[in-house]
Amino acid sequence: MKNFKRMVAIVVTLAMTAALLGACGSKSKSTGEKKGESSRDSLVIGMAAEISTLDPHMHSNIGTANLMLAIFESLLTHDFVTDEIKPGLAESYEVSEDGMTIDMTLRTDFKFHNGDPVTMEDVLYSMERTMESAFQNVFWDAVDNVEAVDDTHLRFNLNQPDNNLPYYIADFANIVPKAVVEADPDGFARAPIGCGPYKFVNWSQGMQIDMEADPNYPDGEAPIKNVTWRFITDRSTALVALETGEVDAFMTMNGADFDQIRNTEGLTLKTVSGNNTYYLSLNMEDEVLSNDKVREAICLAIDKKSVIDGAEYGEAKIADHGFIREGQVGYSDNFKEAERDVERGKALLAEAGYANGLSLELKCQSSKTTHAQVIQANLKEIGIDVEIVQLENSAFYADLENGDFQMEFGGFGQYTPDPSSTFRYVYRSDGVMAGNYYRLNSPEIDELLARGEVSTDPEERQKIYEEVIQLVEDAHCCKYIYWPTANIAHNSDLKGVEATPVGEYDIYNYYW
Amino acid sequence: MGRFVLKRLLQVIPVLIGISIIIFTIMQLSPSNPARLILGEKATEEQIEALSAELGTDQPAVKQYFNYMGGLLHGDLGNSYRTRMPVMDEIVDRFPTTFFLAILVMVVSTAISIPLGVLSSLRQNSLFDAITTIIALLLTAMPSFWLGLMLMLIFAEKLQWLPAIGSTEFIHFIMPTLTLSAANIASNMRMTRSSMLEVIRQDYIRTARAKGAPEKVVIVKHALKNALIPVVTAIGMNFGWSLGGAVLIESVFSMKGLGTLLLNGVRTKDVPVVMSAVLVTSLIFCVVTLLVDISYGFIDPRIKAQYENKR
């Protein structure tokens, strides 16, 4: 009897232990693994520009994409630090030899934040949506269609090779749940559902957006559980908020504040050369500036370093290769840019008939007045009197589009590291509205660019773009001055933060 | 009195219509295309045309105006060009913050300026008067956004007593209120002082004193009450000024109010947002002006009789 009781006791104990272990086991399965640990579970990250929608297909602003990066996933992932393309929802991708098809294999372990699995139907729907979007359809000119070879194999059929496609796919073609979007597209833009590392929680218009780590994210739950994106338009206020700890990180601080941030204990400033390029444009259709000698003289008078020191607090890099950075297609050590030469500038002006000087107008945005003043001083040295006209953004761009200017100082950002994405806007003669403000009209350059866009031979492309860059330099349509510094300031205890040239920050990597 | 109020309320309508025409015209004259601002500089002509058609901005200006005003009559303030969300929702969401700020500013500046103004008038040309005059000049001269930033640097950054940003709790309103009150205090105080000085010299004040009334009664019941008319006018006007000043201050302190809504709307040429925000603000100001005018009736029986005689 005693033995029987003991037996029962042992069996019951074992059964209870088994049940307990079983319960523990299933609990840990449902919470999922974490990517890493974090000593604090909340983060407040600030930015100056407020976004107008959380619908990933209704924007074309890479800055806005920061939030999309957290909530959504794309077929591919763009590593903003190295500019590499990595797998995303697609675990592999292959471009055919002739560049006319791209094949991808989808992962099957992704789920949307509402629990629904990510299916081929959602992927096809999302691709169709971005290709029809007024904000994004321009990226997909090379794509004829996207088809499902089978449930997990996707194929892009192109009408011409396109070296920019992987970047556009990674940055803009986020995957959305078809059923949810079709049911209420407006509601979706305000309360989105994606399959990225963070779930949307709340949007207080104009103030902040709250997100929460998704515990079921296949690659591991994000280390920091709660993230708040805070919009602060005034950068002086942002600096104070950083110092008081009301904000843990802020993107794009003013160059004027760099020293203060560096000298503040508890704050760290990370910088890297940004992907914007700032330059002086000369309207080639203007009566005076249509004379190549005048334009060349102006280009020779610009002192790039003085603009950086005088207007960018010394915190920018000299643009010594136009739009192209080292390592990108088109970069060449053989590129010849004329060095500053005031005497030769004066001589050229005299040859052009302006030995007694010349008056020109320089338009700029109100945020770039100091830069304009330095340029004004540079040009005074060769006898050109510059009148500065500063305009509010929309008026400025309106004048550029209409050709209603002589000289203008402004910037343009690369969309992808491949030159074709930028050059189609800034050098093609049919791209006036979007970036060819100086009205460059060269059949030779147009032809080279057309070839470069469709070529799949890296060597051929390198030659083509080297030639384009040199032709543009010799056309004297503009003078490239500097590449500004992209930066992010943050609480020193926050780890995993890196500055990126394009201004995109992957909070999935952050932890305290 | 009732008829007077009704008549004044009806007068608000042509005022608002006039404002709507002026604001709409100014927005139309601004040289940019809302579709272009939304789509960015890399957008194509076709994309801009398509979005303009969707927003209705490709239609003639007059037609757009009547579309907006027609919607207004049905209580529809239109949809923001940028977010496509109903402007009414945004305004209802943000209105309390701005209104609360303006009321706080009015209460604080009145509570400080009237006593100071009265005391200055009684101690005319004394050291107290000189000091308050200098302070008033300083407060008027300071740009509000600079003052706001200075307060933020001192109280938020250095002393860490107050939060720098936000508008969700009462504590967030302290620095913005002080900032906006500064210039109000200065002007109300000067107005009170000069009004009081005029009244004190009147015969009826001498009579009251001669009759042996206590000084406090003379000052408050007889002098101040008569001096209040121009002061109350100034307070009303300053309330309107505060609503405008809120635009800058809300931006500095990152507050969720009508001010930041209006600022963003102007930047992106978001016509429905700008029109609605300005009209709502104007309506508030008209109502406050009306309340100020009604209050005259309570301060001055002669005016009350006038209102009532207009039967």
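Residues numbered from 1 in each chain as written. Chains lettered and ligands numbered in written order. Predicted model: local features only at pLDDT ≥ 70, side-chain atom pairs only at ≥ 80, totals over all residues. Heavy atoms only, no water.

A. Layout of the overall build of chain B. Regarding its fold elements, chain B presents 13 helices and 0 strands. The order of α-helices and β-strands along chain B, N terminus first, is α-α-α-α-α-α-α-α-α-α-α-α-α. Along the longest, intermediate and shortest principal axes, the C-alpha atoms of chain B span 85 × 60 × 30 Å. By the burial criterion, 50% of the 311 residues in chain B qualify as buried. Expressed as a percentage of contacts within chain B between residues at least 6 apart in sequence, the contacts between residues at least 24 apart total 72%. When the accessible surface of chain B is totalled, it reaches about 15500 Å², and 69% of it is carbon and sulfur. In chain B, the 27 positive side-chain charges and the 21 negative ones have mean positions that sit 14 Å from each other. (Helix = DSSP H or I, 4+ residues; strand = E, 2+ residues; numbered from the N terminus. Buried < 20%, exposed > 50% of the residue type's maximum accessible area, 1.4 Å probe, protein only. Contact = heavy atoms within 4.5 Å. Areas by Shrake-Rupley, 256 points an atom, 1.4 Å probe, with all protein chains shown as cover. Lys, Arg positive; Asp, Glu negative; His and termini not counted. Charge placed at Lys NZ, Arg CZ, Asp CG, Glu CD.)

B. Representation of the UniProt feature "domain: ABC transmembrane type-1" (unreviewed entry) in chain B within the structure. Under the UniProt annotation, the feature "domain: ABC transmembrane type-1" (unreviewed entry) is placed at residues 95-296 of chain B. Helix makes up 83% of residues 95-296 of chain B and strand 0%, and the two end C-alpha atoms of the span are 27 Å apart. (UniProt positions renumbered as here; feature names shortened; annotations may be inferred.)

C. Local environment of the domain arrangement of chain A. Residues and elements named next belong to chain A. Looking at chain A, the domain boundaries give domain 1 (14-37 + 52-185) and domain 2 (276-484). Between domain 1 and domain 2, the C-alpha centre-to-centre distance is 38 Å. In this assembly, 17 residues from domain 1 lie in contact with 14 residues from domain 2. Regarding the contact of domain 1 and domain 2, the summed buried area is about 1200 Å², with carbon and sulfur atoms giving 50% of it. The interface formed by domain 1 and domain 2 contains 0 salt bridges. Counting across the interface, domain 1 meets domain 2 through 2 residue pairs in polar contact (both at pLDDT 80 or more). (Domains from an automatic or database assignment. Buried area = accessible area lost by both parts, 1.4 Å probe. Salt bridge = Lys/Arg side-chain N within 4 Å of Asp/Glu carboxyl O. Polar contact = N/O pair within 3.5 Å; in protein donor to acceptor, adjacent residues only side chain to side chain.)

D. Quick look at the pattern of salt bridges. Residues and elements named next belong to chain A. Considering all chains together, one arrives at 35 salt bridges over all chains under this definition. A salt bridge links Arg 155 to Asp 103, with the nearest nitrogen and oxygen atoms 2.8 Å apart. Of this pair, Arg 155 sits in strand β7 (residues 153-158) while Asp 103 sits in strand β5 (residues 101-106), and the two are 52 residues apart along the sequence. Residue Arg 155 is classed as partly exposed on the basis of its relative accessible area, which comes to 28%. Across the salt bridge formed by Glu 453 and Arg 428, the nearest N and O atoms sit 3.1 Å from each other. Of the two residues, Glu 453 is situated in helix α15 (residues 443-454) and Arg 428 in the loop between α14 (419-426) and α15; the sequence distance between them amounts to 25 residues. Under the relative-accessibility criterion, Glu 453 is labelled buried at 11%.

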